[in-house]
Amino acid sequence: MALHVIVGKGPVGATTAAALVERGHEVRVLSRSGGTSTATVEHRQVDATDAAALALAARGADALYNAVNPAYHRWATDWPPVATALLAAAERTGAVLVTMGNLYVYGRPSGPMTPHSPLAATDVKGRVRLAMWEQALEAHRAGRVRVTEARAADFVGPQVPADHSHLVRQLPALRAGRRAWVVGDPDVPRSWAYLPDVAATLAVLGTDERAWGRAWHVPSTAARSQREALTDLAAAMDAPEPRVSGLPWGFLRAIGVAVPIMREVVDIQHQFDQAFVVDSAETTATFGIAATPWDEVVAATVAQAALSV
């Protein structure tokens, strides 16, 4: 049994903790507010920007997982000190640093994104995440630390809060037969990452040395547009076929004048006005991790939503 330390107790951190426990590991979760420890998961209150405190809490760990989730409009200010502190803590403890990344680093793709696609981020958030990865990779190549990163498409699943998912937030509207207003073109293909598949990927990356020194994509099923995905979810709820419309970008820009988060959404318009598709074949071929079938993802998401009615 090895010790695995997760920084962040949100959806990714909590689901990854469960995946690691299932694999027989000792798990410790660090967060600013702490939490209630159980027989299988220890919680500690630690500031993610405090490298010394992180190193102390991660002493003896095989792997250190970055599952932190700063406020969307504060990435430029909040991410750099967290990333620097986690990298320093991993270097001091010898733990593998496993980061939960995303697809922002690729900018506007010209086709399906692979882990080897050009890192061509153009928006502020993408450049922040790219700088984090380059900082970690430089330390890895210098032999100071071992690092790896999982990059995932937009989250879906019963573990994902509505404000974290473009699909889950629409479930009440689908159930009531109301129009679903989505960001971007509702008919362009998109990839979706089932949160348990995200956790399974992170758990493997922290324990398999073949993963270290590069990034990997979380396995996703065949791309589905927002309209197609919402139609599947509505059918699973026995709801009417949904009416799905895209919110006009001019409207979103106007809202962004007063709502910082909406300004950040407009900044990544390129992720919603054309196909945004992940190629995760290399992850599956190397580690044997396959995406959960889409019909199972839909059934699990709807089943949990029904319990919250």
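Quick caveat: nothing in here was measured; it's all calculated off a predicted structure. (Residues numbered from 1 in each chain as written. Predicted model: local features only at pLDDT ≥ 70, side-chain atom pairs only at ≥ 80, totals over all residues. Heavy atoms only, no water.)

Q: Mind laying out the packing of aromatic side chains, listing which residues take part and the relevant values?
A: Under the criterion given, the structure shown has three aromatic pairs. Summarising the aromatic geometry, the rings of Tyr72 and Trp75 are spaced 5.5 Å apart at their centres and angled 80 degrees between planes, so their arrangement reads as edge-to-face. As far as burial versus exposure is concerned, Tyr72 and Trp75 are alike and both buried. Centroid distance Trp216 to Phe287: 4.7 Å. Interplanar angle 65 degrees. Geometry classified as edge-to-face. A residue pair is termed long-range when its members are at least 10 positions apart, and Trp216 in strand E10 (residues 215-217) and Phe287 in helix H10 (residues 281-287) qualify at 71 residues. (Phe/Tyr/Trp six-rings, centres within 6.5 Å; stacked < 30°, edge-to-face > 60°. Buried < 20%, exposed > 50% of the residue type's maximum accessible area, 1.4 Å probe, protein only. Helix = DSSP H or I, 4+ residues; strand = E, 2+ residues; numbered from the N terminus.)

Q: How would you sum up the packing of helix H3 (residues 75-93) against helix H4 (residues 124-141)? Please name residues and give values.
A: The geometry of H3 relative to H4 is characterised by a closest axis approach of 10 Å and an angle of 15 degrees between their N-to-C directions. As judged from the angle between their axes, H3 and H4 are roughly parallel. Taken as a pair, H3 and H4 cross one another with a handedness that is right-handed. For the pair H3 and H4, the contacting residues are Trp75, Ala76, Trp79, Ala83, Thr84 and Leu87 in the first and Val124, Lys125, Val128, Arg129, Met132, Gln135, Ala136 and Ala139 in the second. A class-by-class count of the residues in the contact of H3 with H4 yields 10 nonpolar, two polar and two charged. (Axes fitted to C-alpha atoms, helices over the stretch in contact; angles between N-to-C directions. Parallel < 35°, antiparallel > 145°, perpendicular 65-115°, else oblique. Left-handed = near helix turned anticlockwise from the far one by under 90°. Contact = heavy atoms within 4.5 Å. Nonpolar A, V, L, I, M, F, W, Y, C, P; charged D, E, K, R; others polar.)

Q: Tell me about the packing of helix H1 (residues 11-22) against helix H6 (residues 195-205), residues and numbers included.
A: Where H1 meets H6, the closest approach of the two axes is 8 Å, and the angle between their N-to-C directions is 60 degrees. By the angle between their axes, H1 is oblique relative to H6. Judged by the twist between their axes, the crossing of H1 over H6 is right-handed. Note on element contacts: H6 touches H1 through Leu195, Pro196, Ala199, Leu202 and Ala203, opposite Pro11, Val12, Thr15, Thr16, Ala19 and Leu20.

Q: Can you lay out the environment of Trp75 for me, pointing to particular residues and giving the numbers?
A: Following the sequence through the fold, Trp75 ends up in helix H3. Spatially, the C-alpha atom of Trp75 lies 38 Å from that of Pro240, the residues being 165 residues apart in sequence. Among all residues touching Trp75, those that are not within four sequence positions of it are Pro70, Pro80, Asn102, Tyr104, Lys125, Val128 and Arg129.

Q: Explain the pairing of strand E1 (residues 3-7) residue by residue, including any values.
A: Across the five residues that make up E1, a large majority, five, are buried. Side chains Leu3, Val5 and Val7 of E1 all project onto a buried face; the interleaved residues His4 and Ile6 project onto the opposite face, where all are buried too. Judged from the five bridges that link them, E1 and strand E2 (residues 26-31) form a sheet pairing that is parallel. When the sheet's bridge partners are listed, Leu3 is paired in E2 with Glu26. In this region the chain leaves E1, passes through H1 and returns to the parallel neighbour E2; the handedness of that crossover is right-handed. With four bridges connecting them, E1 and strand E4 (residues 63-66) associate as parallel partners. Across the sheet, His4 pairs through a bridge with Ala63, a residue of E4. (Pairing = 2+ DSSP bridges. Right-handed = clockwise from strand over helix to strand, strands pointing away.)

Q: How would you explain the sheet that holds strand E3 (residues 41-45) if you had to name every residue and give the values?
A: Ordered in space as E3-E2-E1-E4-E5-E6-E10, the seven strands form an open sheet in which the pairing is parallel. The open sheet terminates on both sides in strands that have one partner only, identified here as E3 and E10. Sheet twist, expressed as the mean angle between neighbouring strand axes with direction ignored, is 20 degrees. Bridge count between strand E5 (residues 96-102) and strand E6 (residues 147-152): six bridges; the pairing is parallel. Counterpart to Thr99 in the pairing with E6 is Glu149. Sitting on the sheet, H3 is in contact with E1, E4, E5 and E6, with an inclination near 180 degrees to E4.

Q: Can you break down the environment of Asp50 residue by residue, with the values?
A: With respect to the element layout, Asp50 can be found in the loop between E3 and helix H2 (51-57). A residue is classified by how much of its surface remains accessible, and Asp50, at 34% relative accessible area, is partly exposed. For Asp50, the side chain forms a polar contact with the main-chain nitrogen of Ala52, separated by 3.2 Å. (Polar contact = N/O pair within 3.5 Å; in protein donor to acceptor, adjacent residues only side chain to side chain.)

Q: Just give me the short version of the side chain of His217, but keep the residues and values in it.
A: Counting through the fold element by element, His217 comes out in strand E10. Of the residues examined, His217 reaches a relative accessible area of 0% and is grouped as buried. At 3.3 Å, the side chain of His217 forms a polar contact with the backbone oxygen of Met113. At a separation of 3.2 Å, a polar atom in the side chain of His217 contacts the main-chain carbonyl oxygen of Asp279.

Q: Kindly report on helix H9 (residues 260-267), identifying the contributing residues and their values.
A: Every buried residue of H9 is listed here: Glu264, Val265 and Val266. Looking at the buried positions of H9, the neighbouring elements they touch are H4, strand E8 (180-183) and helix H8 (249-256).

Q: Help me get a handle on the pattern of salt bridges, residues and values and all.
A: Considering all chains together, one arrives at 14 salt bridges under this definition. Between Arg44 and Glu42 there is a salt bridge, and its shortest N-O distance comes to 2.7 Å. With relative accessibility at 31%, the residue Arg44 sits in the partly exposed group. Judged by relative accessible area, which is 25%, Glu42 ranks as partly exposed. (Salt bridge = Lys/Arg side-chain N within 4 Å of Asp/Glu carboxyl O.)

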